[in-house]
Amino acid sequence: DVPEMTINAIRITVTADTVHRMDYIANYFWDNLSKLYPLQFEPVYLSEVGRTNTVMPKGKDFVAAFRRVEELGMQRNALVGTATRPLVIRETAYCDSLEGRGLFVTPNGYLSLCSEISVPSDPRKDRYFVGKYDFREKRFNIASDGPAKVRCALPWWCNGCYAQFSCQGGCEPRSQNDDPHVRKTWCQMVRGHLKWTWSDVRSGRLPCRMRLGDRQGEELIWLPIWEESMAME
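What you see is a predicted model, and the numbers here were worked out from it, not measured in a lab.

Conventions used here
- Residues numbered from 1 in each chain as written.
- Predicted model: local features only at pLDDT ≥ 70, side-chain atom pairs only at ≥ 80, totals over all residues.
- Heavy atoms only, no water.
- Helix = DSSP H or I, 4+ residues; strand = E, 2+ residues; numbered from the N terminus.
- Buried < 20%, exposed > 50% of the residue type's maximum accessible area, 1.4 Å probe, protein only.
- Contact = heavy atoms within 4.5 Å.
- Areas by Shrake-Rupley, 256 points an atom, 1.4 Å probe, with all protein chains shown as cover.
- Core = buried A, V, L, I, M, F, W, Y, C linked by side-chain atoms within 4.5 Å.
- Pairing = 2+ DSSP bridges.
- Phe/Tyr/Trp six-rings, centres within 6.5 Å; stacked < 30°, edge-to-face > 60°.
- Polar contact = N/O pair within 3.5 Å; in protein donor to acceptor, adjacent residues only side chain to side chain.
- Expected span 1.5 Å × (residues − 1).
- Axes fitted to C-alpha atoms, helices over the stretch in contact; angles between N-to-C directions.

The subject of this paragraph is the overall build of the protein chain. Of regular secondary structure, the protein chain possesses six helices and nine strands. Split into buried and exposed, the 233 residues of the protein chain put 42% on the buried side. For the protein chain, the share of sequence-separated contacts (at least 6 apart) that also reach a separation of at least 24 residues comes to 56%. As displayed, the protein chain offers around 13900 Å² of accessible surface, 51% of which is attributable to carbon and sulfur atoms.

Structure, rendered in structure tokens:
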């Protein structure tokens, strides 16, 4: 007997060619599988582990397409998610790996804080490689400063951004990507999704669970806080 697979969610990587078919993809899975599995849509990013022969979707295109899928999910009572959808108030870095909760061993034996930085030719390696395996001694040599060179404060480009409490600068390695459109695309998606979040709160489609205000107590924005996130699991 073949044991039944436990599926928590289905991840779909979206390119510029498929961004306008996201609603079709969602309906295909929901119509043809035995249950309405949660769907996680993520745009492709150009990195060492990304599909370098494809093109990233534009931020505004992805937000609009994801909104259509979200509407379909609400109609079917099915869950959809994406990393740039504001899910929780982030008090620290976007990625748990940058908080010391994850390390990755590259094929060459380097210890990297980020799976997207995996080759010695990457110009970002000095910040994210924190050690290397010594094949002769059969042990890892760890740099004395460890991850100390990685983010120590909120990035400057977050100053004044109304979405800064939703992503805390987003994915730091991507913000240092040689492609100038990567960070811009990320920011567009976070801000676009957050606008829809506010719209849903005002219309009563989403519950309000968090209030952000200034020191004088004046209400600035209300933000719904989800209990869990497929993107962060």
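So, about the nonpolar core. Among the nonpolar cores identified, the biggest contains 30 residues, and Met22, Trp30, Leu39, Phe41 and Phe62 are the most heavily contacted of them. Of all the secondary-structure elements, those providing two or more residues to this core are β1 (10-14), α1 (22-32), β2 (39-43), α2 (59-76) and α6 (181-203). Setting aside chain neighbours within four positions, we find Trp30 in contact with Leu36, Tyr37, Leu39, Val69, Leu72, Gly73, Arg76, Ala78, Leu79 and Val80. Cys114, Ile117, Tyr128 and Phe129 belong to the second-largest nonpolar core, a separate cluster that totals seven residues.

What follows covers the sheet that holds strand β6 (residues 129-134). Spatially, the four strands line up as an open sheet ordered β4-β5-β6-β7, and their pairing is antiparallel. Across the chains shown, the open sheet's two edge strands, defined by having one partner strand only, are β4 (104-105) and β7 (139-142).

Moving on, we get to the packing of aromatic side chains. Applying the stated rule across the entire model yields five aromatic pairs. Residues Tyr110 and Phe129 carry aromatic rings whose centres are separated by 4.7 Å and whose planes lie at 20° to one another, so their mutual orientation is stacked. Placement of Tyr110 in strand β5 (residues 110-112) and of Phe129 in strand β6 is noted, with a sequence separation of 19 residues between them. Arranged with centres 4.9 Å apart and planes meeting at 65°, the rings of Tyr133 and Phe140 form a pair that is edge-to-face.

Moving on: the side chain of Ser112. Mapped onto the elements, Ser112 comes out in strand β5. Among the polar contacts made by the side chain of Ser112, one reaches the main-chain carbonyl oxygen of Ile117 at a distance of 2.9 Å. Setting aside residues no more than four positions away along its own chain, Ser112 makes contact with Leu103, Phe104, Thr106, Ile117, Tyr128 and Phe129.

With that settled, consider the environment of Tyr133. Note that Tyr133 resides in strand β6. Residue Tyr133 is classed as partly exposed on the basis of its relative accessible area of 24%. Residues Tyr133 and Gly109 lie 24 residues apart in sequence; the distance between their C-alpha atoms is 5.0 Å.

Right, let's talk about α2 for a bit. In this model, α2 (18 residues) spans 26 Å end to end at C-alpha, consistent with the 26 Å of a helix rising 1.5 Å per residue. Regarding α2, the residues found buried are Gly59, Phe62, Val63, Ala65, Phe66, Arg67, Val69, Glu70, Leu72 and Gly73. At the exit of α2 stands Asn77, carrying a positive phi of roughly 60°.

A separate point is the sheet that holds β2. Spatial ordering of the open sheet is given by β1-β2-β3, a layout of three strands whose pairing is parallel. For this open sheet the edge positions go to β1 and β3 (80-81), each flanked by a neighbour on one side alone. Sheet topology note: the β2/β3 ladder contains two bridges and is parallel. Its bridge partner lying in β3, Gln40 is registered against Gly81. Contacting β1, β2 and β3, α1 crosses the sheet at an angle of about 155° to β2. Packing of α2 onto the sheet brings it into contact with β1, β2 and β3, and relative to β2 it is tilted by some 175°.

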